[in-house]
Amino acid sequence: MKPVWAIFKREFAAYFATPLAYVFIVIFLLAMGAFTFYVGRFYDNGLAELTVFFGYHPWLYLFLVPAVGMRLWAEERRVGTVELLLTLPVPIWASVVGKFLAAWAFIGVALLLTFPIWITVNYLGAPDNGAIFTSYVGSFLMAGGYLAICAAISASTSNQVIAFVVSVVVCFLFTIAARRSCWTFSRPGPPVVLVNTISSFSFLTHFQAISSGVIDLRDLVYFGSLIALFLTVNVVLVDLKKTN
């Protein structure tokens, strides 16, 4: 794991070497606060809970996570540093995993900085802190799922704009899969079994299950398998670009 750790440290430090990281964190925190307290009308609900706060996470991640993921490989290819990276005595899979974990940790830092909202709700009442904790876990796992998709797409192009747009579209499809209305637009609609199967691949389905306060093994397997799948695709794409 030493190669992974080496890449992780290099990439994670690189995020804070430029103002972009701080700009992203500020935008992330402002967006979370605005959607929770103003759009979601947190104070009007009269409840000491963070359901509104976590309810906006999937939709904010649709744009914020691709903004981080689009540069993972597209930027390396654009400036030509990917060749230098791949000539290092480090396996391709270690580079992929290291860069992914660094970006995931960066997003995790931004997520942790929302803790004042958790403190606020505890000051106002007596929330279910267990459910809030599992919601944070689910949010972090969901961010990892989005990021794995974005990283794989970023590895397929040298254009960050294309990587961003395609990532948003693909992540959006994975999100709305839980919306049954999307699959019942015609009469008769598709079979219930098919609708349930498609919904089981949705981020919302598993995130909402974890947010209920129970971390089910099936939800962990879903996010773990999704991340592993797209990281494997990422390795294959980088390897193909290397051989080409």
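Residues numbered from 1 in each chain as written. Predicted model: local features only at pLDDT ≥ 70, side-chain atom pairs only at ≥ 80, totals over all residues. Heavy atoms only, no water.

Caption draft 1: The arrangement of the overall build of the chain in detail. Across its full length, the chain carries 14 helices and zero strands. Listing each helix as α and each strand as β along the chain from the N terminus yields α-α-α-α-α-α-α-α-α-α-α-α-α-α. Counting over 244 residues, the chain shows a buried share of 43%. A fraction of 76% describes how many contacts in the chain between residues 6 or more apart in sequence connect residues 24 or more apart. Per element, the accessible surface of the chain, about 12,400 Å² overall, is 72% carbon and sulfur. (Helix = DSSP H or I, 4+ residues; strand = E, 2+ residues; numbered from the N terminus. Buried < 20%, exposed > 50% of the residue type's maximum accessible area, 1.4 Å probe, protein only. Contact = heavy atoms within 4.5 Å. Areas by Shrake-Rupley, 256 points an atom, 1.4 Å probe, with all protein chains shown as cover.)

Caption draft 2: Layout of the environment of D216. When you line up the elements, D216 lands in the loop between α13 (203-211) and α14 (217-243). According to the relative accessible area criterion, D216 is partly exposed, its value standing at 23%. Sequence separation of D216 and H206 is ten residues, and the distance between their C-alpha atoms is 9.0 Å. In terms of polar contacts, D216 uses its side chain to reach the backbone amide nitrogen of R218, at 2.8 Å. (Polar contact = N/O pair within 3.5 Å; in protein donor to acceptor, adjacent residues only side chain to side chain.)

Caption draft 3: Representation of α13 in the model. Residues of α13 that are buried include every one of F203, L204, H206, F207 and I210, and no others. Just past α13, the residue G213 takes up positive phi, approximately 110°.

Caption draft 4: Layout of a nonpolar patch on the surface. There is a patch of nonpolar side chains on the surface, built from V161, V165, V169, F172 and L173 and spanning about 440 Å² of accessible area. Tracing the backbone shows V161 in helix α11 (residues 160-176). (Patch = residues over 30% accessible without salt bridge, like charges linked within 9 Å, V, L, I, M, F, W, Y side chains within 5 Å. Salt bridge = Lys/Arg side-chain N within 4 Å of Asp/Glu carboxyl O.)

Caption draft 5: Expanded view of the packing of aromatic side chains. A complete count under the given rule lists 23 aromatic pairs for this structure. Ring geometry for F35 versus Y56: centroids 5.2 Å apart, planes at 55°, classification tilted. Residue F35 is found in helix α2 (residues 19-39), and its partner Y56 is found in the loop between α4 (51-55) and α5 (57-69); the two are separated by 21 residues along the sequence. On the basis of relative accessible area, F35 is assigned to the partly exposed category, the value being 30%. (Phe/Tyr/Trp six-rings, centres within 6.5 Å; stacked < 30°, edge-to-face > 60°.)

Caption draft 6: Inspection of the environment of V26 at higher detail. Within the secondary structure, V26 sits in helix α2. Of the residues examined, V26 reaches a relative accessible area of 45% and is grouped as partly exposed. For the pair V26 and A110, spaced 84 residues apart in sequence, the C-alpha separation works out to 8.6 Å.

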